[in-house]
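# Structural description and commentary
This is what each chain is made of:
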Amino acid sequence: MLTQTTTRVLDPSDLDAALAVLDREPVANAFVTARVQVAGLDPWRLGGEMWGWYEDGMLASLCYAGANLVPICATPRAVRGFADRARRAGRRCSSIVGPATATAQLWRLLEPSWGPAREVRTRQPLMVTDRLPDDITPDPYVRRVRKDEMDTIMPACVAMFTEEVGVSPMAGDGGLLYQARVAELVGSGRSFAHIDQDGKVVFKAEIGAATPHACQVQGVWVAPEYRGRGLAAPGMAAVLRYALEDVAPVVSLYVNDFNTAARAAYRRVGFQEVGAFMSVLF
């Protein structure tokens, strides 16, 4: 048993303890929890390592180190431990993302060796709801994307990602990993869109992470030529209906604080701000 404060890479035998930490904040941790519930703690299946911070022999905090570096229920002492390990390992992630306070501390410690970042988004409100709005009719044309519609939905997904992140997901490997992720969401019935009679994607969104306790909406996008027509709120109401009926009792998302139009649309549908995330993009 570990009897001092320390970090180590967790292994499959630590699964129950790791899930207990994740369950402390089921909404904020939905992204990582969903991965762990499917893949366990084997790094090959998980797509990265799970670091554990121990205090007096007990697992107290986590940090997922894969394509993203994600502090989880991380105390200030745990963040310092994770930063030390991250410095030694060198940067292998494309972003640091997580609850704003812990992520800000982690970035302060890592910036001297990992910086500069391409972009730092210091406050991304975490929004949550558990019910459908009373005063917005869900868009009746929003439905699950079919597997035979990959060629239709992919350009909209690429446009959304490029607009949101600032780089194309088609760079590097030609988009193979991104296309596989989109196909996974379509195949699992978690990709939704309003596609008009000409085959144009008008609105789209995905449920990117799902656990028995909560799910997370991502990739919300309205085609540029349709913006300003009030389509986002009915589209979100439709996705929310699917999510609450079929996926989880609580639906969450996080949004850039400067995206006032999106935040207003989410509030109209009933989402309330309950916290904040932060992202550091490389």
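Please refer to the structure placed before this passage.
This section reports on the structure supplied with the text. (Residues numbered from 1 in each chain as written. Predicted model: local features only at pLDDT ≥ 70, side-chain atom pairs only at ≥ 80, totals over all residues. Heavy atoms only, no water.)

In sheet architecture, strand pairing relies on hydrogen bonds along the backbone and comes in two forms, parallel and antiparallel. Sheet architecture is open: 12 strands sit in the order β1-β2-β3-β4-β5-β12-β6-β11-β10-β9-β8-β7, paired in mixed fashion. Each having just a single partner strand, β1 (6-9) and β7 (142-144) make up the two edges of the open sheet. Going across the sheet, the axis of each strand differs from the next one's by a mean of 25°, ignoring polarity. Looking at chain direction, strand β10 (residues 215-222) and strand β11 (residues 251-254) are connected through 2 bridges and run parallel. Of the residues in β11, the one forming a bridge with Q216 is S252. Together, β2 (49-55), β3 (58-65), β4 (68-72), β9 (201-210) and β10 form the strand contacts of helix α2 (residues 30-39), whose direction differs from that of β9 by roughly 65°. (Pairing = 2+ DSSP bridges. Helix = DSSP H or I, 4+ residues; strand = E, 2+ residues; numbered from the N terminus. Axes fitted to C-alpha atoms, helices over the stretch in contact; angles between N-to-C directions. Contact = heavy atoms within 4.5 Å.)

Okay, the packing of helix α4 (residues 76-89) against helix α5 (residues 100-114) next. For the pair α4 and α5, interaxial distance at closest approach is 9 Å and the crossing angle is 30°. With respect to their mutual orientation, α4 and α5 come out roughly parallel. As for how α4 packs across α5, the hand of that crossing is right-handed. Contacts between α4 and α5 involve P76, V79, R80, F82, A83, A86 and R87 from the first element and A102, Q105, L106, L109, L110, S113 and W114 from the second. (Parallel < 35°, antiparallel > 145°, perpendicular 65-115°, else oblique. Left-handed = near helix turned anticlockwise from the far one by under 90°.)

This part is about the environment of I153. Along the chain, I153 turns up in helix α6 (residues 150-165). Judged by its relative accessible area of 0%, I153 is buried. In sequence terms I153 and A104 are 49 residues apart; their C-alpha atoms lie 35 Å from each other. If we skip the residues at most four places from it in the chain, I153 touches V145, V182, V186, S191, A193, V201 and K204. (Buried < 20%, exposed > 50% of the residue type's maximum accessible area, 1.4 Å probe, protein only.)

Our next topic: the layout of surface pockets. Roughly 270 Å³ of internal volume is contained in the second largest pocket. Looking at the lining of the second largest pocket, the elements that each hand over two or more residues are β2, β4 and α4. The residue makeup of the lining of the second largest pocket, split by class, is 9 nonpolar, 6 polar and 2 charged. (1 Å grid on protein atoms, 1.4 Å probe; cavity = no way out; pocket = protein on both sides within 12 Å on 5 of 7 lines; lining within 4 Å. Points joined across faces, edges and corners; volume = space filled by probe spheres on them. Nonpolar A, V, L, I, M, F, W, Y, C, P; charged D, E, K, R; others polar.)

Time to look at helix α10 (residues 260-269). Residues of α10 that are buried: A262, R263, A265, Y266 and V269. End-on view of α10: buried residues confined to an arc of 160°, all on one side of the axis. Across α10 from its buried face, at more than 90 degrees, point the exposed residues T260 and A261. Considering only its buried residues, α10 is in contact with β6 (119-129), β10, α9 (232-246), β11 and β12 (272-281). One or two steps after α10, the chain reaches G270, where phi turns positive at roughly 115°. (Arc of directions from axis to C-beta.)

Per the stated rule, a full pass over the model turns up 6 aromatic pairs. On the numbers, 6.1 Å between centres and 75° between planes, the contact of W114 with F282 is edge-to-face. Note that W114 is positioned in helix α5 and F282 in the segment after β12, a separation of 168 residues in sequence. Accessibility expressed as a relative area gives 9% for W114, which makes it buried. (Phe/Tyr/Trp six-rings, centres within 6.5 Å; stacked < 30°, edge-to-face > 60°.)

Moving on, we come to the nonpolar core. Counting 44 residues, the largest nonpolar core has I153, V182, M236, L253, Y266, V269 and F271 as the members making the most contacts within it. Ranked by residues supplied to this core, first place goes to α9 with 8 residues. Residues W53, C63, A86 and V280 belong to the second largest nonpolar core, which totals 24 residues. (Core = buried A, V, L, I, M, F, W, Y, C linked by side-chain atoms within 4.5 Å.)

A word on the environment of V36. Within the fold, V36 resides in helix α2. When residues no more than four places from it in sequence are discounted, the contact partners of V36 are L15, L19, L22, L41, L46 and M50.

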